[in-house]
Amino acid sequence: MSEIIDTQPLALVNGEPFTDLPQDLYIPPDALAVYLNAFEGPLDLLLYLIRRHNLDVLDIPMADITRQYMDYVELMRSSRLDLAAEYLLMAALLIEIKSRMLLPRRLQEDETGEVEDPRAELVRRLLEYEQMKIAAQTVENKPREGRDFEVIAIWGEEAGKLLPHVEPGDLRAAWLGLVARAGAHRRHTVGRQELSVREAMGQILDALQTGDFLEFACLFDPGKGIPHLVVTFLAILELARERMVEITQSAAFSPIYIRLSHADQ
Amino acid sequence: MPINNISELKIVLETALLSSREPLLINDMQRLFEEELSIEFLRRALDELRDDWQGRGVELALVASGWRFQTRPEYQHFINRLNPEKPPKYSRAVMETLAIIAYKQPVTRGDIEEIRGVTVNTQIIKTLEERDWIKVVGHRDVPGRPALYATTKQFLSDLNLRALDELPPLVELGSLVDPNPHSGELNLAELIEQASDDSPV
Amino acid sequence: MPINNISELKIVLETALLSSREPLLINDMQRLFEEELSIEFLRRALDELRDDWQGRGVELALVASGWRFQTRPEYQHFINRLNPEKPPKYSRAVMETLAIIAYKQPVTRGDIEEIRGVTVNTQIIKTLEERDWIKVVGHRDVPGRPALYATTKQFLSDLNLRALDELPPLVELGSLVDPNPHSGELNLAELIEQASDDSPV
């Protein structure tokens, strides 16, 4: 959301009591981006405007709707152009329809014998979209496995014998599910570098399992290249920071020893 | 161990259905027995079994991929208390895409974009594919040969449906006018709330 | 929905036990109900339930990790005649615990609980240890000296990975999954706060 909002004027929104909206539905620019996030696209916004005014979709007053729609798009354009692209396209369409309606009607009939209304195509799209919007809600409300009911599969010998299969992608999916549940504000990024360090931490702890002191230098394998040495070093620092290992050195330049914290206990 | 009567048959069917991870078709159930049992006999046993489970927290249901035991939604709140984790809620974009595929299948991504008026994020398609609710069933014979998507049996089963035609019919919107005429005085918070609320009507 | 009598209690227990992937302890079962039910009451209901299931192909059994429904061995040969089943799946709880250990190792149980927001069942850790996918690699130097878990070589080879950094990178899911299940209840202040937050939603 942040990308489509200037943080500075946002305070203004908070500062001003926007409780009553005038008839033309003017929305302050800073709130607009927030507001637009609630829409799935230009059709959704257009539908909303029409529904808000309690207009019959089949009889859209093009001039009013176009003007209002343009107000939105103009506001949007000033804050974020790429988001506005699809909305601009719709604006162009609205204006085209409007201008065609201003032209003298060509008394040209189509196959069904009706005079072509420039709004027809837009109306068709709006109705189709709204129909799908309602359908989406219907599908959402249907009882769903895992949310509204569970499938039964009790323990059997066969099931006990076979071990579940796990793919790396399943782990990622599990993690993403976690992040989604944890909420929008917490961001868990684990970079490749951090992972390597985490892995090295595990390996070092493993090497220290005996509880004995190991010499600092033993933990490094120069054959694996400089990145590996750096990662190992970072891992040791991280282990020390998280107080998982003790690092001791009796005097300057004497060997450095590492062991598990409280290995003697 | 031959099956002598319907009670014995019901016990075996119940055991198999309770322990199977996947729904069972009548064909599958015929394979449970050494002797050949007629479909009518199995069908009758299943109907009786379904009646036997009336009034319990678990029911025997027939869905797209076969017969299965499942909990009744009325008992979900007990189970949820045991397991406080909530399954993810899909965004409106995902649900709209799913609805279009379900009702208009087979469709290409372009078809979906045409209806929604916005580009369809690849991630949306992926999410639905990973859930095993949609799949590619072919390609349209136009330049670029775009993939045609359709819903899966899994989708129907997960929504407790036997077939696509059990989805509620689409609402005809010929002259639909907002049933909630607004008062004229609007409040921004309310506006946003309404707009972010999923219910369209 | 308060529990008025033992029949109602039995229905709920049966539903929970049939749908749970892991055995349930009496403690777990107490969590099913809003009101506090005594262990004796639950115990009595379980005994009755066990009796009710006499003579069926499925039994209610008390195993080391709790109560569960399981198929009676005498009926196994029927089930074996069905196709070899698809391998079972780990529950979401197990998968998430594994994901946290894999991506954040070494971690304590407390770390896992903090990320998942729920307590970690001992059974989950046991399942992963028995699979030889995780192990204790040390203890954190804080009160209680909790065990630090990390993934094993076995885990990498079973997942066909050479090193941990071959795990799929974690890309943010964007807004596909609604992070806020109560989006209907959003108010303006909250929305603006979210919008000004730097973290992507």
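No experiment lies behind these values; they were computed from the predicted model shown.

Reading guide: rules and limits
Residues numbered from 1 in each chain as written. Chains lettered and ligands numbered in written order. Predicted model: local features only at pLDDT ≥ 70, side-chain atom pairs only at ≥ 80, totals over all residues. Heavy atoms only, no water. Helix = DSSP H or I, 4+ residues; strand = E, 2+ residues; numbered from the N terminus. Buried < 20%, exposed > 50% of the residue type's maximum accessible area, 1.4 Å probe, protein only. Contact = heavy atoms within 4.5 Å. Areas by Shrake-Rupley, 256 points an atom, 1.4 Å probe, with all protein chains shown as cover. Pairing = 2+ DSSP bridges. Salt bridge = Lys/Arg side-chain N within 4 Å of Asp/Glu carboxyl O. Axes fitted to C-alpha atoms, helices over the stretch in contact; angles between N-to-C directions. Parallel < 35°, antiparallel > 145°, perpendicular 65-115°, else oblique. Core = buried A, V, L, I, M, F, W, Y, C linked by side-chain atoms within 4.5 Å. Patch = residues over 30% accessible without salt bridge, like charges linked within 9 Å, V, L, I, M, F, W, Y side chains within 5 Å. pLDDT = per-residue confidence, 0-100. Phe/Tyr/Trp six-rings, centres within 6.5 Å; stacked < 30°, edge-to-face > 60°. Expected span 1.5 Å × (residues − 1).

(A) Structural context of the overall build of chain B. Counting secondary structure elements, chain B contains 9 helices and 5 strands. Starting at the N terminus and ending at the C terminus, chain B contains elements arranged as α-α-α-β-β-α-β-α-α-α-β-β-α-α. Out of the 201 residues in chain B, the part that is buried amounts to 48%. For chain B, the share of sequence-separated contacts (at least 6 apart) that also reach a separation of at least 24 residues comes to 48%. Counting only carbon and sulfur atoms, one obtains 49% of the accessible surface of chain B, whose full area is about 9,100 Å².

(B) Looking closely at the pairing of strand β2 (residues 66-71) of chain B. All names here are of chain B. Most of β2 sits out of view: 6 of its 6 residues are buried. Examined bridge by bridge, strand β1 (residues 58-63) and β2 share 6 bridges and lie antiparallel to one another. Among the inter-strand pairings, V63 is bridged to a residue of β2, identified as G66. Taking the residues that link successive antiparallel strands as the turn, the β1-β2 hairpin has 2 residues.

(C) Structural detail: the pattern of salt bridges. Inspection of every chain in the model, using the stated rule, returns 43 salt bridges over all chains. The residue C:K10 makes a salt bridge to C:E48 at a minimum N-O spacing of 3.0 Å. You can see C:K10 sitting in helix α1 (residues 6-19) and its partner C:E48 sitting in helix α3 (residues 39-52), a full 38 residues away along the chain. The exposure class of C:K10 is buried, given its relative accessible area of 14%. A salt bridge links C:E59 to C:R72; the shortest N-O distance between them is 3.2 Å. Of the two residues, C:E59 is situated in strand β1 (residues 58-63) and C:R72 in the loop between β2 (66-71) and α4 (76-80); the sequence distance between them amounts to 13 residues. Through salt bridges with shared partners, a single network forms among A:E40, A:D44, A:K133, B:R92, B:E96 and B:R116.

(D) Looking closely at the packing of α1(C) against α3(C). Residue and element names in this part refer to chain C. Closest axis-to-axis distance for the α1/α3 pair is 9 Å, and the angle between their directions is 75 degrees. In terms of orientation, α1 and α3 fall into the roughly perpendicular class. Packed against α1, whose contacting residues are I6, L9, K10, L13, E14 and L17, the element α3 presents F41, L42, R44, A45, L46, E48, L49 and D52 at the interface.

(E) Structural detail: the sheet that holds strand β2 (residues 245-249) of chain A. Residue and element names in this part refer to chain A. Spatial strand order, β1-β3-β2: 3 strands in an open sheet with antiparallel pairing. With one partner strand each, in any of the chains shown, β1 (214-215) and β2 form the two edges of the open sheet. Here 2 bridges tie β1 to strand β3 (residues 256-260), and the two strands are oriented antiparallel to one another. The residue of β3 that forms the bridge with L214 is I258. Contacting β2 and β3, helix α10 (residues 226-241) crosses the sheet at an angle of about 105 degrees to β2.

(F) Highlighting the pairing of β3(A). Residue and element names in this part refer to chain A. Looking at chain direction, β2 and β3 are connected through 5 bridges and run antiparallel. The residue bridging I247 from the neighbouring strand is I258, located in β3. Linking β2 to β3, which pair antiparallel, is a turn of 6 residues; within it F253 sits at a positive phi near 65 degrees.

(G) Quick peek at the nonpolar core. One finds B:L13, B:F33, C:L13 and C:F33 to be the most contacted residues of the largest nonpolar core, which totals 56 residues. No other element matches the 8 residues that helix α1 (residues 6-19) of chain B contributes to this core. If we ignore the near neighbours within four places in the chain, the residues touching B:F33 are B:I3, B:L9, B:V12, B:L13, B:L42, C:F78 and C:R81. Within the second largest apolar cluster, 34 residues are counted, among which are C:V107, C:I115, C:I125 and C:L161.

(H) Spotlight on a nonpolar patch on the surface. Where nonpolar side chains cluster on the molecular surface, the patch consists of A:I226, A:V230, A:F233, A:L234 and A:L237 and spans about 450 Å² of accessible area. With respect to the helices and strands, the residue A:F233 is situated in helix α10.

(I) Focus on the confidence of the model for chain B. Residues and elements named next belong to chain B. Across chain B, the average pLDDT comes to 85, with 86% of residues at or above 70. Low pLDDT (under 50) marks residues 175-201, which in the prediction has 56 contacts with non-local residues, meaning those over four places away or in another chain. Interface predicted TM-score (ipTM) for the complex: 0.67; the corresponding pTM is 0.63.

(J) Molecular detail of the packing of aromatic side chains. Across all of its chains, the model carries 15 aromatic pairs over all chains by this definition. Their ring planes at 55 degrees and their centres at 5.7 Å tell us that A:W175 and C:Y103 sit as a pair that is tilted. A residue pair is termed interchain when its members come from two chains, as with A:W175 in helix α8 (residues 168-182) and C:Y103 in helix α5 (residues 92-104). For the pair A:W175 and C:Y103, one class covers both residues: buried. One aromatic cluster in this structure is built from B:W53, B:F69, C:W53 and C:F69.

(K) Structural detail: helix α5 (residues 92-104) of chain B. Residue and element names in this part refer to chain B. End to end, α5 covers 18 Å across 13 residues, agreeing with the expected 18 Å (1.5 Å per residue, within 8%). Where burial is concerned, most of α5 is hidden: 11 out of the 13 residues are buried. Buried within α5 we find R92, A93, V94, M95, E96, T97, L98, A99, I100, I101 and A102.

(L) Geometry of unusual backbone geometry. For the bond running from B:Q105 to B:P106, omega is -5 degrees, close enough to zero to count as cis. Within the secondary structure layout, B:P106 lies in the loop between α5 and α6 (109-116). Unusually for a residue other than glycine, A:R243 sits at a positive phi of about 55 degrees. With respect to the helices and strands, the residue A:R243 is situated in the loop between α10 and β2. Backbone geometry at B:D132 places phi at a positive 65 degrees, although glycine is not the residue there. Note on placement: B:D132 falls in the loop between α7 (122-130) and β4 (134-139). Accessibility expressed as a relative area gives 38% for B:D132, which makes it partly exposed.

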